[in-house]
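A closer look at the structure
Next come the chains, spelled out residue by residue.
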Amino acid sequence: MPSLLSLYRKILFGRKPGWDHQPLPNIYVQAPNVILSQDKISQYAEVCGFEYDGVVLPPTYLYVWAFRLHAMIFIHKAVTFPLLGMIHLKNSISVFRPVRADETLTVQCELAASRTTDAGLEFELVSKVFVGEELVWQALSTYLYRIGSAGRRTRPPKASEMAWENVQQWRLTDDLGRRYAKASGDYNLIHLHPLLSKRFGFDRVLAHGMWSKARALSHLMPSIGERPFQVDVEFKLPVFMPSEVTFAFESIENGKRFEMRDVKGRRPHLQGNMTYL
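Throughout what follows, the structure given in this document is the object of discussion. Note that the structure is a prediction, hence the values are computed from the model and not measured. Here, residues in each chain are numbered from 1, in the same order as that chain's written sequence. Reporting in this predicted model follows two pLDDT cut-offs: at least 70 for local features of residues, and 80 or more for side-chain atom pairs to be given and counted; totals over whole chains, interfaces and linings ignore these cut-offs and use all residues. With hydrogens and water stripped out, all remaining heavy atoms of the structure feed into the side-chain values.

1. Considerations on the nonpolar core
- As used here, the term nonpolar core means buried Ala, Val, Leu, Ile, Met, Phe, Trp, Tyr and Cys residues forming a set that is joined through side-chain atoms within 4.5 Å. Only protein chains enter the accessibility calculation, which uses a 1.4 Å probe; a residue is then buried when its area is under 20% of its type maximum, exposed when over 50%, and partly exposed in between. Counting 80 residues, the largest nonpolar core has Leu36, Tyr44, Phe74, Phe81, Trp137, Leu172 and Phe258 as its most contacted members.
- Considering each element in turn, this core owes the most residues, 11 residues, to helix α3 (residues 61-74). Numbering of helices and strands runs from the N terminus, with a helix taken as a DSSP run of H or I at least four residues long and a strand as a DSSP run of E at least two residues long.

Here it is as structure tokens:
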């Protein structure tokens, strides 16, 4: 598996001319014989709030390995636009069975589709994890390369109509981004330090979207147990650190609906559904 730190040097500091207004080609990457580190799994579980027994992986942990292959696709010469213009819109993860920490994995990723929207170029990366010939885990990530439109205004997202009861309140410390980076290997500069995030146009440090998803899912795991499931999220407003956020969920047919909102419970940072397969 490639080092994300070395890939980020190329992603953040490499020069790309910009989108050439052409559809993206199909790009496929595979990494066989992936062996996981117990220390890194434990660090990840702690920072994301999972109870890790040393045997079964936190369900979102495999995404940090799939993202290494995403990064390889981002630096491909056929992807002519820079990472800084890109937004992670949605993420779906399917867990077909619990994956053990001691299993040897094959990780695959494919740039599967792209389309032009009013906001820019939207594209999808499909990631799969196999143990031998068995598909055990799959993810679909939807990204947007935004193209600014003069006079175009975006309305802030609204919270859903779900019952906002039994609300959890979580405190995000200013070192959360660095702890998540150490555990995941994902050293995106906008999540590390305000001096670094300001270089890329943000006044404060942003929490990683996949940390938000993992933290939300960790709260649902007692309801899920070892059953196969799918968890879909949409990333709404960014989460700046340090800050406080609120979280709640409710039962729906065949699963749960959940949201992470601001401390007043008015604006959504993350909206999602968990359904049993």
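From this point, the discussion proceeds with the structure in view.
2. Considerations on the pairing of strand β10 (residues 243-252)
- Where strand β6 (residues 168-172) and β10 come together, 5 bridges link them in antiparallel fashion. When the sheet's bridge partners are listed, glutamine 169 is paired in β10 with threonine 246.
- What makes two strands pair is DSSP finding at least two bridges between them. Sheet topology note: the β10/strand β11 (residues 255-262) ladder contains 8 bridges and is antiparallel. Within β11, the residue paired with phenylalanine 249 across the bridge is phenylalanine 258.
- Taking the residues between adjacent antiparallel strands as the criterion, β10 and β11 are bridged by 2 residues, where asparagine 254 takes a positive phi near 65°.

3. Focus: the sheet that holds β10
- In space, the 10 strands of this open sheet follow the order β1-β3-β4-β5-β2-β8-β12-β11-β10-β6, with antiparallel pairing throughout. Only two strands of the sheet have a single partner each, and these edge strands are β1 (27-34) and β6. Across the sheet, the axes of successive neighbouring strands diverge by a mean angle of 15°, strand direction being ignored.
- Pairing of strand β4 (residues 120-131) with strand β5 (residues 134-146), which is carried by 12 bridges, proceeds in the antiparallel orientation. Only the stretch in contact is used when fitting a helix axis, every axis being a line fitted to C-alpha atoms; angles between N-to-C directions are given from 0 to 180 degrees.

Keep in mind that these numbers describe shape and distance, not what the molecule does.
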